[in-house]
Amino acid sequence: MNAIDKIPNSERYERCVETSRRVRWDIDEDVIRGRRFDPEHKFLPDGLSLAEAFTTLSVEEKRFVSQIQGRTYANIFGLVERFINAKVLELSHDHWFGDQVALEALIRFSDEELKHQALFRRIDAMIGEMLPEGYRFDIDANVVAHAVLGKSTWAVLALTLHIELFTQLHYRQSIEPDAGLSELFKDVFLYHWKEESQHAILDELEWVRHDAGLTPQQRDRAVDEFIELVAAVDGILRTQANADAAYFIASCGRAVGETDARAIEAAFLKAYRWQYIHSGAQHPQFTKVLSLLITEGQGQRIAAALATLQ
Ligand SMILES: [Fe+2]
Ligand SMILES: [Fe+2]
C-alpha cells in the first residue's frame, strides 16, 4: 500500500478540487498564446506516432504522418470527451445531496472536459489550415456517446479511467527529447495532462464507489461490456487508420504501390492501437485498480481480448 492509498476518499475529492483550482488554464492565454502550427515540426513524438513502424517512408514523410496523427489525436479526444463528460454529469447525481466537495470535484471535471473539447476543435481547425485538403474524420461524437452510454456504468468507468491514465503517459512521452517536436503541440499535452491527472483520480474513486454496489453477476456482465467497448474503440481506430492512410497516400506527392499502401495502413492502425488502447491497458495504475475489482478469470478474459488487437 502506498501513501496515497491511506488518504480518506473525502480528502482525495478535496485535493482534486484544490489542484483543479490551482492548475486551471485558458485555451488562448495559456495554451495557444497567439501561436500557429509550423509545417516544419512534428506534432506527435515518435514514441506515440510509432514513426519506426512506417519503414518505407522518408524523414519528411514521417513528419507528415505525425501531423496527420496529431489532427486525429485532437479529433479522437473531442470524441471520447463527449461521453466521458455525460457520464460524469450522470454520476454527479449520486452526490447532489451528499458530499458537496465530491459534487464540486465532478462539476469541475465536467467543466474542464467541455473546455478540452473546445481546445481540440481549435487544434483540429488550426492543423486543417496548414495541411493539404482532403483529411476526413467522419465519426460522430454524439452517435458514439449514445452507444457507449448504453453500456453499464462500470464498463464506461473502466474505459474512462484507462483513457484518462494514458493522457499522462502521452504527456511524459512528449517531454522526452525529440528533435523537431512542435512547442505548441507539446503544450497541448502539458496543459491537458495538468487537468487530466485529477480526472484519473476521480474516475478511480467513482469506479470503486460504484463497484461496491454491484452483485458478482452484474460485475461479470460489466467485464464483458468493457471488452465490447474496447472492441468498439478498435473499430473506430480501424476506420480512422484507413482514412488517414488514404489521405497520406493521396497527399504525399508520389505514387505509392499497393504493398506499400497496405503497410502504411497497418502502421497507422498499430500506432492508434498503441495510443488509444494498449498504452492505457498496460498502465500500472489501471491494471492495479482493475485487478482489485475483478477475479482472475475475468482478468484473463480481458487479457485475451486485448491480445487479439495486436
Ligand atoms: Fe480532457
Ligand atoms: Fe478528462
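Residues numbered from 1 in each chain as written. Chains lettered and ligands numbered in written order. Predicted model: local features only at pLDDT ≥ 70, side-chain atom pairs only at ≥ 80, totals over all residues. Heavy atoms only, no water.

## Topic: the pattern of salt bridges
Then, in step 1: Per the counting criterion, the structure on display carries 29 salt bridges.
Then, in step 2: The partner of R35 in a salt bridge is D187, with the nearest N and O atoms 2.7 Å apart. You can see R35 sitting in the loop between α2 (27-32) and α3 (46-49) and its partner D187 sitting in helix α8 (residues 183-211), a full 152 residues away along the chain.
Then, in step 3: Taking the relative accessible area as the measure of exposure, R35 reaches 23% and is therefore partly exposed.
Then, in step 4: Looking at D187, the relative accessible area reads 13%, which means it is buried. (Salt bridge = Lys/Arg side-chain N within 4 Å of Asp/Glu carboxyl O. Helix = DSSP H or I, 4+ residues; strand = E, 2+ residues; numbered from the N terminus. Buried < 20%, exposed > 50% of the residue type's maximum accessible area, 1.4 Å probe, protein only.)

## Quick word on the coordination of the iron ion (ligand 2)
Then, in step 1: On the protein side, the iron ion (ligand 2) has E113 (OE), E164 (OE), E196 (OE), E196 (OE) and H199 (ND1) as donor atoms, found 1.9 to 2.3 Å from it.
Then, in step 2: In terms of primary sequence, the donors binding the iron ion (ligand 2) are separated according to E-x50-E-x31-E-x2-H.
Then, in step 3: Taken as a pair, the iron ion (ligand 2) and the iron ion (ligand 1) lie 3.4 Å from each other and share E113 as a ligand. Within this pair, E196 and its partner H199 are both found in helix α8, separated by 3 residues, close to a single helical turn. In this structure, E196 and H199 share a single accessibility class: buried. (Donors = N, O, S within 2.8 Å, 3.2 Å for Na, K, Ca; no water.)

## Brief notes about the packing of helix α4 (residues 59-92) against helix α6 (residues 141-149)
Then, in step 1: One can describe the packing of α4 onto α6 by two numbers: an axis separation of 9 Å at closest approach and a directional angle of 45°. It follows that α4 is oblique to α6 by the angle criterion. You can see that α4 and α6 cross each other, and the crossing is right-handed. Residues G78, L79, R82, F83, A86 and K87 of α4 lie in contact with α6, whose contacting residues are A141, N142, V144, A145, V148 and L149.
Then, in step 2: Class assignment for the residues of the contact of α4 with α6 results in 8 nonpolar, 2 polar and 2 charged. (Axes fitted to C-alpha atoms, helices over the stretch in contact; angles between N-to-C directions. Parallel < 35°, antiparallel > 145°, perpendicular 65-115°, else oblique. Left-handed = near helix turned anticlockwise from the far one by under 90°. Contact = heavy atoms within 4.5 Å. Nonpolar A, V, L, I, M, F, W, Y, C, P; charged D, E, K, R; others polar.)

## So, the coordination of the iron ion (ligand 1)
Then, in step 1: Binding of the iron ion (ligand 1) to the protein goes through E81 (OE), E113 (OE), H116 (ND1), H192 (NE2) and E196 (OE), at separations of 1.9 to 2.3 Å.
Then, in step 2: Spacing between the donor residues of the iron ion (ligand 1) along their common chain follows E-x31-E-x2-H-x75-H-x3-E.

## What about empty space enclosed by the protein?
Then, in step 1: Throughout the structure, instances matching the rule amount to 2 cavities of 30 Å³ or more.
Then, in step 2: Within this model, the largest cavity holds a volume of roughly 40 Å³.
Then, in step 3: In terms of lining, the largest cavity is formed by A53, F54, T55, T56, L57, A263, I264 and A267.
Then, in step 4: Taken together, the residues of the lining of the largest cavity break down into 6 nonpolar, 2 polar and no charged.
Then, in step 5: Space inside the second largest cavity adds up to approximately 30 Å³.
Then, in step 6: Taken together, C16, V17, S20, A105, R108, E112, Q198 and L202 form the lining of the second largest cavity.
Then, in step 7: Only α1 (9-23), α5 (100-130) and α8 provide two or more residues apiece to the lining of the second largest cavity.
Then, in step 8: Its residues placed into classes, the lining of the second largest cavity shows 4 nonpolar, 2 polar and 2 charged. (1 Å grid on protein atoms, 1.4 Å probe; cavity = no way out; pocket = protein on both sides within 12 Å on 5 of 7 lines; lining within 4 Å. Points joined across faces, edges and corners; volume = space filled by probe spheres on them.)

## Topic: unusual backbone geometry
Then, in step 1: Notably, R33 is not glycine yet its phi reads approximately 45°, a positive angle.
Then, in step 2: Locating R33 in the fold gives a position in the loop between α2 and α3.
Then, in step 3: On the basis of relative accessible area, R33 is assigned to the partly exposed category, the value being 44%.
Then, in step 4: Unlike most non-glycine residues, L50 shows phi in positive territory, near 50°.

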